[in-house]
Amino acid sequence: MKSLSTLLLLSVAAHAQIVFDTISKELNAPPDANKIHCDFTFENKGKDTVSIARYESTCSCMSVQISNGGKLDYAPGEKGVLRANFNMENFSGHVDKHVKLWMKGDPDDAPTHSLVVGVNIPVLVDMQPKTVEWVKGDSMSPKIITVTMNHSEPIKLLKASSSNENFSVAIKTVEEGKKYELSV
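Source: prediction; values computed, not measured.

A. Spotlight on the nonpolar core. By size, the foremost hydrophobic cluster in this structure holds 28 residues, and its most contacted members are F20, L82, F86, V117 and V119. Taken together, the elements giving at least two residues each to this core come down to β1 (18-20), β3 (35-44), β4 (50-57), β5 (62-66), β7 (79-87), β8 (93-103) and β9 (113-121). Residue contacts for V119: discarding those within four places in its chain leaves L27, A29, I36, F86, M88, G93, H94 and V95.

B. Spotlight on the sheet that holds β1. The antiparallel open sheet is built from 4 strands, whose spatial order is β1-β3-β7-β5. Of all strands in the sheet, those with a lone pairing partner are β1 and β5, marking the two edges. Recorded for the sheet is a direction-independent mean angle of 25° between the axes of neighbouring strands. Judged from the 3 bridges that link them, β1 and β3 form a sheet pairing that is antiparallel. Residue pairing across strands places I18 opposite N44, the latter belonging to β3.

C. Focus on the pattern of salt bridges. Using the criterion set out here, one finds 9 salt bridges in the structure. As a salt-bridge pair, E78 and K71 come within 3.1 Å of each other at their nearest N and O atoms. For E78, a relative accessible area of 24% puts it in the partly exposed group. On the basis of relative accessible area, K71 is assigned to the partly exposed category, the value being 26%.

Basis of the calculations
Residues numbered from 1 in each chain as written. Predicted model: local features only at pLDDT ≥ 70, side-chain atom pairs only at ≥ 80, totals over all residues. Heavy atoms only, no water. Core = buried A, V, L, I, M, F, W, Y, C linked by side-chain atoms within 4.5 Å. Buried < 20%, exposed > 50% of the residue type's maximum accessible area, 1.4 Å probe, protein only. Helix = DSSP H or I, 4+ residues; strand = E, 2+ residues; numbered from the N terminus. Contact = heavy atoms within 4.5 Å. Pairing = 2+ DSSP bridges. Axes fitted to C-alpha atoms, helices over the stretch in contact; angles between N-to-C directions. Salt bridge = Lys/Arg side-chain N within 4 Å of Asp/Glu carboxyl O.

Structural measurements only, silent on function.
And the structure:
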């Protein structure tokens, strides 16, 4: 039993040799960006060479790369960079995405490191309310959605339509390039 305990301790010690500068980063995306990347630097602070078994994002919107052409083995004192590339085209507001890193010997369900990329994505076009509905017994009068452009430059709303052919949409300009009302 003593040899099994020693083996487990050696395994845990080997995994702990890779040390990241931080395990969580917060980024502010520029208003016109579709993609953003986040770098996590790490170093092998142990006395032995360690091997990265695999790394992945928990979302298809993020790809992950390791520096030096995907180098997986790191000698004592050697440094590297894990880069998370986030495609934010379908997101707005604050988003947290995760990257998992398994060292050689880690079980599939227990990565050694879990990194968090927090991204603040500007909401350039805000719609309030996001949806409208008519409840049975409601008047069939139009519902209004206010569209506000939150950008330093004007954004003109030229056209609006409904995915349902039973509803028509009309645009009323409240302030050109800044605020509109959609009558549905």
